[in-house]
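# Close look at the chain arrangement
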Amino acid sequence: MKIEEIRKLLVGKHIRYYNGFNGHLDFFTIGYAEKKGDSIKVSPEKGKGIGIYIPNEFLQELVDTGKYKTMGNVEGCRFCEEWELRK
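Reference entry: report on the structure contained in this document.

Conventions we followed
- Residues numbered from 1 in each chain as written.
- Predicted model: local features only at pLDDT ≥ 70, side-chain atom pairs only at ≥ 80, totals over all residues.
- Heavy atoms only, no water.
- Buried < 20%, exposed > 50% of the residue type's maximum accessible area, 1.4 Å probe, protein only.
- Helix = DSSP H or I, 4+ residues; strand = E, 2+ residues; numbered from the N terminus.
- Arc of directions from axis to C-beta.
- Contact = heavy atoms within 4.5 Å.
- Salt bridge = Lys/Arg side-chain N within 4 Å of Asp/Glu carboxyl O.
- Core = buried A, V, L, I, M, F, W, Y, C linked by side-chain atoms within 4.5 Å.
- Pairing = 2+ DSSP bridges.

### Describing helix α1 (residues 3-10)
All buried positions along α1 are accounted for by Ile3, Ile6 and Leu10. Each buried residue of α1 lies within a common arc of 55° when the element is viewed along its axis, so the set occupies one face. Contacts from the buried residues of α1 go to β3 (32-36), β4 (39-43), α2 (59-65) and β7 (77-86).

Structure follows, in structure tokens:
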């Protein structure tokens, strides 16, 4: 999918991201999206803030369902990562 198509799908929507490993929670209205390696980085404005990275492998499912959750494991500690997308 081209970045222009991705921007049309994401810009203006609200994103919420939770990382259970470190307890990080972030949410904002997407104002900009760009490709970064194997992910799409979304941020409130171009060049503002750290942003949230959405891996390409589940971008379509996130857009279609509005949610995606994955489980990770670091040195025997299980944790979850969650993304939510709303209008």
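### A closer look at the environment of Gly37
With respect to the secondary-structure elements, Gly37 resides in the loop between β3 and β4. By relative accessible area, which is 69% here, Gly37 ends up exposed. Considered as a pair, Gly37 and Cys80 are 43 residues apart in the sequence and their alpha carbons are 22 Å apart.

### Here's the deal with the pattern of salt bridges
For the structure shown, the criterion picks out 4 salt bridges. Among the salt bridges present, the one from Glu82 reaches Arg16, with a minimum N-O distance of 3.6 Å. One end of the pair, Glu82, is in strand β7; the other, Arg16, is in strand β1 (residues 14-19), with 66 residues separating them in the sequence. We note a salt bridge from Arg86 to Glu84, for which the minimum N-O separation is 2.7 Å. Overall, Arg86 belongs to the exposed group, its relative accessible area being 52%.

### Here we look at the nonpolar core
In this structure, Leu10, Ile15, Ile40, Val42, Ile54 and Trp83 are the most contacted members of the largest nonpolar core, which totals 19 residues. For this core, the secondary structure elements donating two or more residues are α1, β1, β4, β5 (52-55), α2 and β7. Dropping the residues within four chain positions of it, Ile15 is found in contact with Asp26, Phe27, Phe28, Ile30, Val42, Ile52, Ile54, Trp83, Glu84 and Leu85.

### A word on the pairing of β4
In terms of burial, β4 is largely enclosed, as 5 of its 5 residues are buried. The alternating pattern of β4 places Ser39, Lys41 and Ser43 and Ile40 and Val42 on opposite faces, both of which are buried. Where β3 and β4 come together, 5 bridges link them in antiparallel fashion. Bridged to Tyr32 within β4 is Ser43. What sits between β3 and β4 in their antiparallel hairpin is a turn of 2 residues, with Gly37 showing a positive phi close to 65°. Sheet topology note: the β4/β5 ladder contains 4 bridges and is antiparallel. By the bridge assignment, Lys41 is partnered in β5 with Tyr53.

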